[in-house]
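# Understanding the architecture of this molecule
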Amino acid sequence: MAEKNRIFPHIFRGAGAYCHYIPAIVKSVTSKEDFVTAYTPYQAEISQGNLQSIFEFQTMICQLTGMEAANASVYDGASAAAESIFMCKDRKRTRVLVSETVHPQVIRTMQTYCYGRDTEIVTVPAKDGCTDLEMLAQLADETTACFYLQQPNYYGILEDAGKAGEIIHEKGGKFVMGCNPIALAVIKTPAECGADVAVGEGQPLGLPLSFGGPYLGFMAATREMMRKLPGRIVGETVDFEGKRGFVLTLQAREQHIRREKASSNICSNQALCAMTASVYLSAMGPDGLAQTATLCTSKAHYLQQLLEETGLRPVYDKPYFHEFVTECPVPAETLLKKLEEHGILGGLPIEGGRILWCATEMNAKADIEKLAGLVKEVLSA
């Protein structure tokens, strides 16, 4: 079965899972037996190291998002998005609005969570690759619990998140933003956009692609929403000698109360993935993260420029981070198969015969030019 694996040396595909540089120290630290075998830290007095690692992760996520509280042990970004719904829902507000420009798999996960829980999901249509904010204003009403927006969106485009937040707040609903953590190094934070809850997929923070997992969901919220956060929250305290210590805090949670009263089903400990993100962020630092984000953006724009010269025109003329959509005058499968023959995993084929391309700091200039040359060869034929 392992021989069926195909490991591509050059990857130009994203759509939720991204190939980034991972410093060697990340694996060196997180592969220690102490961390790999650690289980749920129920007994705080003998789990201080584990609890501190979670606390550091929460702190960094707060710094990244601008929020005031964060949790740990969310399975992945799609689960985090779905869990955020029930932080915002109450007896009167049971409708959820989600932008059509959100990743389709995230929308499906949200629909699965809402099935059977008396929660209606309404999709806000897209317009020119972005959320139609006029339709958002029309659809939001006194029954709307929240609006979920992805930034950058599924097509890589940067949305007007601040305006979307204003619209949903005027209707009394909560604003939830799904974020790319690498992009947060150079764009406005969810807090600056007025979000009440920020969620996202933490895989870009030092976790390899690994055929789909395990990945890492992150969730952060304002102080007003803190008590509704699912999963684990580690707090800092002092012991009877006045020394710094850590505890699981706000523990009227799913592991400790009757299942029918729980607001979430998060139980398993995902702290090893959270520690991986913490080590990655510590190794990169703010400057390293910003440099990574800048390289992703510049290389994506260079890729788009070369592809346009070959005849793959961009579909949307909007600011984007490191993903973009092009037309494809030949069947996408034909083009992508040609690239695979040369060890290149091309973009993701999406509806309408289009292709969603992605570039990260791992794509060398020579590789981008090689890809463009192969595309030109296919289109010429």
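First, a word on scope: everything that follows refers to the structure included in this document. (Residues numbered from 1 in each chain as written. Predicted model: local features only at pLDDT ≥ 70, side-chain atom pairs only at ≥ 80, totals over all residues. Heavy atoms only, no water.)

## Thoughts on the sheet that holds strand 15 (residues 348–350)
Hydrogen bonding along the main chain pairs the strands of a sheet, whether they run parallel or antiparallel. Strand order in the open sheet formed by three strands is 13-16-15, with antiparallel pairing between adjacent strands. A strand with exactly one partner marks an edge of an open sheet, and here the two such strands are strand 13 (323–326) and strand 15. Across the sheet, the axes of successive neighbouring strands diverge by a mean angle of 30°, strand direction being ignored. Bridge count between strand 15 and strand 16 (residues 354–358): three bridges; the pairing is antiparallel. Bridging from a neighbouring strand, I350 pairs with R354 of strand 16. (Pairing = 2+ DSSP bridges. Helix = DSSP H or I, 4+ residues; strand = E, 2+ residues; numbered from the N terminus. Axes fitted to C-alpha atoms, helices over the stretch in contact; angles between N-to-C directions.)

## Details of the pairing of strand 12 (residues 244–248)
Both strand 11 (residues 234–238) and strand 12 contribute to a ladder of five bridges, which runs antiparallel. Opposite T237, over in strand 12, you have G245 as the bridge partner. Hairpin remark: strand 11 followed by strand 12, antiparallel, with five residues in the connecting loop; positive phi at G242, about 85°.

## A few points about the environment of L207
With respect to the element layout, L207 can be found in the loop between strand 9 (197–201) and strand 10 (217–221). L207 sits in the buried class, given a relative accessible area of 8%. Taking the C-alpha atoms as reference, L207 lies 15 Å from F35; in sequence the two are 172 residues apart. Beyond its immediate chain neighbours, meaning those up to four positions away, L207 contacts I22, G202, P214, Y215, L216, C273 and T276. (Buried < 20%, exposed > 50% of the residue type's maximum accessible area, 1.4 Å probe, protein only. Contact = heavy atoms within 4.5 Å.)

## Looking at the sheet that holds strand 2 (residues 69–70)
Sheet architecture is open: seven strands sit in the order 2-10-9-8-7-3-4, paired in mixed fashion. Here the strands that pair on one side only, and so sit at the sheet edges, are strand 2 and strand 4 (120–124). Both strand 3 (residues 95–99) and strand 7 (residues 144–151) contribute to a ladder of four bridges, which runs parallel. Bridge pairing in strand 7 places V98 opposite Y148. The sheet strands contacting helix 3 (residues 48–65) are strand 2, strand 9 and strand 10, and the helix crosses strand 10 at an angle near 65°.

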